[in-house]
Every structure is written in C-alpha cells, then in structure tokens.
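# A closer look at the structure
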Amino acid sequence: MRADLIVVGGGAAGMMAAGRAAELGLSVCLVEKNDRLGRKLAITGKGRCNITNNCSVQELIASVPSNGRFLYGAVSAFTPQDTMAFFEGLGVPVKTERGNRVFPVSDRALDVSQALESWLRRNGCRVVRGEADSLLLEGEEAVGVRLKDSSVLYGGAVLVACGGVSYPGTGSTGDGFRLAEQAGHTVTALRPSLVPLIAKEEDCAELMGLSLRNIGLSVWDRKKKKELYSDFGELLFTHFGLSGPVILSASSHIREMEPGRYEARIDLKPALTPEQLDARLQRDFGENKNRDFANSLGALLPRKLIPVAVRRSGIPGTLKCNAITREMRWDFLRLLKCFPFTVEGFRPIAEAIVTSGGVSVKELQPKTMESKLVRNLYFAGEVIDVDAYTGGFNLQIAFSTGRAAAEAAARKQGDKGGDLP
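Residues numbered from 1 in each chain as written. Predicted model: local features only at pLDDT ≥ 70, side-chain atom pairs only at ≥ 80, totals over all residues. Heavy atoms only, no water.

### Topic: the overall build of the chain
Across its full length, the chain holds 12 helices and 18 strands. Principal axes of the C-alpha set define a box for the chain whose edges measure 85 × 40 × 35 Å. Expressed as a percentage of its 421 residues, the buried residues of the chain come to 57%. Long-range pairs, those at least 24 residues apart, make up 72% of the contacts in the chain with a sequence separation of at least 6. As displayed, the chain has an accessible area near 17,500 Å², and 50% of this comes from carbon and sulfur atoms. (Helix = DSSP H or I, 4+ residues; strand = E, 2+ residues; numbered from the N terminus. Buried < 20%, exposed > 50% of the residue type's maximum accessible area, 1.4 Å probe, protein only. Contact = heavy atoms within 4.5 Å. Areas by Shrake-Rupley, 256 points an atom, 1.4 Å probe, with all protein chains shown as cover.)

### Side note on the packing of aromatic side chains
To describe a pair of aromatic rings, one takes the distance between the centres and the angle between the planes. Taken as a whole and judged by the stated rule, the model has 8 aromatic pairs. For the pair phenylalanine 86 and phenylalanine 87, a centre-to-centre distance of 5.1 Å together with 80° between the ring planes defines the contact as edge-to-face. Look at phenylalanine 87 and you get buried, because its relative accessible area is 0%. Between phenylalanine 339 and phenylalanine 341 the ring centres are 5.9 Å apart and the planes differ by 45°, which places this aromatic pair in the tilted class. Just as phenylalanine 339 is buried, phenylalanine 341 falls in that class too. Following the ring pairs from residue to residue traces out a cluster consisting of Phe78, Phe86, Phe87, Trp119 and Phe399. A cation over a ring is seen here: arginine 48 above phenylalanine 103, with NZ or CZ 3.8 Å from the ring centre. Over the ring of phenylalanine 240 we find arginine 347, and its NZ or CZ is 4.0 Å from the ring centre. (Phe/Tyr/Trp six-rings, centres within 6.5 Å; stacked < 30°, edge-to-face > 60°. Lys NZ or Arg CZ within 6 Å of the ring centre and 35° of its normal.)

### Digging into the side chain of arginine 347
Along the chain, arginine 347 turns up in the loop between β16 (339–346) and β17 (354–356). Only 3.0 Å separates the side chain of arginine 347 from the side chain of glutamate 351, close enough to count as a polar contact. (Polar contact = N/O pair within 3.5 Å; in protein donor to acceptor, adjacent residues only side chain to side chain.)

### Some points on the confidence of the model for the chain
On average, residues of the chain carry a pLDDT of 94, and 97% of them reach 70 or more. Below pLDDT 50 for its whole length, residues 415–419 participates in 8 contacts with residues either more than four positions away or in separate chains. (pLDDT = per-residue confidence, 0-100.)

### With respect to helix α6 (residues 175–182)
Residues spaced three or four apart along an α-helix point in a common direction, a consequence of the helix completing one turn every 3.6 residues. Looking only at α6, the buried set comprises Asp175, Gly176, Phe177, Leu179 and Ala180. Summarising the contacts, the buried residues of α6 are in contact with β1 (2–8), β7 (132–138), β9 (152–160), β17 and β18 (377–379). Phi turns positive one or two residues past the end of α6, at glycine 184, with a value near 90°.

### Thoughts on helix α9 (residues 274–287)
Its 14 residues give α9 an end-to-end C-alpha distance of 20 Å, which sits within 8% of 20 Å, the value for a rise of 1.5 Å per residue. All of the buried residues in α9 are Leu277, Asp278, Arg280, Leu281, Asp284 and Phe285. Buried residues in α9, looked at end-on, bunch into an arc of 160°, giving them a common side. Relative to its buried face, α9 has exposed residues pointing more than 90 degrees away, namely Glu275 and Glu287. Tucked into the core, α9 has its buried residues touching α11 (326–337). (Expected span 1.5 Å × (residues − 1). Arc of directions from axis to C-beta.)

### Considering the pattern of salt bridges
Considering all chains together, one arrives at 34 salt bridges under this definition. A salt bridge links arginine 121 to glutamate 117, with the shortest nitrogen-to-oxygen separation between them at 3.1 Å. Here the residue arginine 121 and the residue glutamate 117 both occupy positions in helix α5 (residues 109–122), the gap between them amounting to 4 residues, near one helical turn. Accessibility expressed as a relative area gives 40% for arginine 121, which makes it partly exposed. Between aspartate 284 and arginine 280 there is a salt bridge, with the nearest N and O atoms lying 3.0 Å from each other. Of the two residues, aspartate 284 and arginine 280 both sit in helix α9, 4 residues apart, roughly one turn of that helix. (Salt bridge = Lys/Arg side-chain N within 4 Å of Asp/Glu carboxyl O.)

### Focus on the pairing of strand β15 (residues 262–267)
Judged by how many residues are buried, β15 sits mostly within the fold: 5 of 6 residues are covered. Bridging between β15 and β16 involves 5 bridges; their strand directions are antiparallel. Opposite tyrosine 262, over in β16, you have valine 343 as the bridge partner. (Pairing = 2+ DSSP bridges.)

### Brief notes about the sheet that holds β15
Pairing is antiparallel in the closed barrel, where 6 strands are placed in the order β11-β14-β13-β12-β15-β16. Neighbour-to-neighbour, the strand axes of this sheet turn through a mean angle of 45°, independent of strand direction. Where strand β11 (residues 197–199) meets strand β14 (residues 241–243), 2 bridges bridge the pair, whose relative direction is antiparallel. Within β14, the residue paired with leucine 197 across the bridge is leucine 242. Along the sheet face, α11 touches β15 and β16 and points at about 110° away from the line of β15. (Axes fitted to C-alpha atoms, helices over the stretch in contact; angles between N-to-C directions.)

### Overview of the environment of valine 143
Here valine 143 lies in strand β8 (residues 141–147). A residue is classified by how much of its surface remains accessible, and valine 143, at 15% relative accessible area, is buried. Ignoring sequence-local partners within four residues, the contact set of valine 143 consists of Leu136, Leu137, Glu138, Leu153, Tyr154 and Gly155.

Encoded structure:
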C-alpha cells in the first residue's frame, strides 16, 4: 500500500493530522491498532471532552511548563479559537465554562471523536487497523512503516502520533517512543503528569470517597521552603491519598518528586478570613455550649471528616464546647485553614492523564514538527516532550501540532498543498 502520508496513531493529534492532510489533497493512510479511532479522546473530561481552553496564545504557552516556547509557532497557526470554530464547522457546537474550559454543548466526548472520524473519512482518508512495528528508513529519510503483521505501508512522509504511556488501556503503550528511538531521536525521561498523589497519612483511607468542593489547595516545597502551587477547586480522598481536579493540576507543577518533600495544604474554608472563621466558630460553640466538641461540628464539616479533624486538633472529642479555650479555638481554626498531607509520590504513570517527557523538542522543527534527523518524519501530540496543565491545553497541543505536521507535509509535496503559505 502506498500513500502520500502515513499517520501512525488515531488519537486527537493523529485524526486532526490525517483529516487536514486529506483535506489538502494528499492520499492519507491512518494506522490505528484499536478497534475504533479516538478511544482516549472519548473518555477525556470525564466523558465530556475538554476540547481546548478559550485563551490567548500567550496564556496557553504560559500553561505549558515543559518546553512551552517550542509550541508558539504551531499554536499561533491554529489557535484555541480556531479549534472552537473548527468543531462548530463540523456540527459540534461548543461552550466555554469556568476557567475558560471549552466543552461540546452536548457534554458528550463521543460527539467530538465521531465528528473527527467522519471528517477525515469524508476527505478520503483510508484507515488501516494494525500496529506499527518499525519505521522504514532509507538513509536519512522516512519512506514507510512496517506493521506487526509484516505488511508494509510506503509513504512520501510518516507522522508518528501514538500518544504517551498514560491510560495504556486506550492504546497508549509507548509505541511512538520506540519508533522515535529507532530513528535516532532522544526520548527524555517519562513521568506522570496530571496524576493523583500518594499521601503518607493514614487519614486518607479513612476519608476514602469523600469529595470536597470549593476548597483551597496549596503545595509547599519543604526543601526550597516556598509555595509551589495554589488554586481552588474539587478534591477527592482515595485509599492511597489525594485525587480530583485540583490535585491533578497540582501534580503537573511537581517536577522533582521526592518522598516527603512536598506538603499538600487544604484550606477547608477558603471563602472565610481567619477573623470571619473565628466568629463562625464562636457562634457554633456558643450554640452548642453544653455539647461535646465532636458533636458540635455537623454544620461546619462533612460528617466523614469530623473524626479526623477532631483527632488532628488535639482537642478531646468529649470536651464540652463551653470549656474550649481561645487558644484551642485558634489552633483548630489554623487546622481548618491548613489541613496538611505529606506527599510521598505520584500514582503510576498508567493512571496519569498525560505523559510528561518524550521526543526531545531540540530535534524537531518547531513550526512543522518535522524531525531534524530524518527527512519526511514528523511527530505530533503527546509523543513530543511537551505537557500542560489541566484545562483543555493538552488537547489543543495535540490539535495544533497535528495540524502543523499535516500542512508541512502537504507543502513539501508541491501543488497538493493548495494555497498554504
């Protein structure tokens, strides 16, 4: 089989690249080992698919802690607003929610993946079910792909968009890194990003399943003695530690994980100043002056959290509220404003939303995603050493880099590139 462009990987980057290249007149073969395209895309955003973030190019770059500047050309050429207009044009109306997060109006991730698949098929892209085994290289040029079943696909160009190693059940099993290394590329250290955190304290198992909404979270670096991250959002306790959107975001800021180095500090009452919270405690204790301390917190804290908070406070649970001293009250107040957990590590990379690390950006052309080592070899999406915070940024990276690679391949093949600059 022969095509102008062979795309390996049918995820967000691969589908965008395949569809765009076919739209520009190239014959395209998309290789996907799963039984359907966009498998990981269909489960993103808790099944809602956070397509992009409705922000400026500069804001997006600032949200990419790993090699953000490398993406400037690709994201400037296909911006978050372009992504929104693109999906609207495919019949998927979108909406912007808190934090500029963009979702389909239907709240169905499947609508996004199906729209992409229908688009690329309408443009004549051929989908081949198979798993890439190796690149076909002639000298310093990519000329095709050999599949695991020994069949060979020849192409004028090859684009690797296999994803990372997070969520391996969706097909992201590191194939792209293996292909990159075969071509002589450097693959930087792989680690989880946007991943739950393991906590040292046994309290977490006791609190398992408890979800706290609208809490404040800060991460303190004990080694450097400074705050690393702070935000507001939702947190979930698990048997191993901490999860939830605000924790996933925090994890992407932790670049040098060491057991015990970081402390997650939860502000259980971020809307109240210490003075306001003290007034609240005085009122609650006054209304429950003849009740035990442990039985007076029902209006203040979730039921499951009360025994843990009482134990951590050091105040006897059977002490009557009218016997609580000012010093005790202020110690409890400080606990509510800074409920700490010691971070022992990340959960396994297989549980991460995104893989941090990948094909070194030093070996790629930033505007085209073409390899500097092998002609007509391109990379796009999570396989590249770029990763961003949560909020739609990572999918935008996939769309922008996939599109950049497709247009570069079309330009190289002459008049099939249409009116591209």
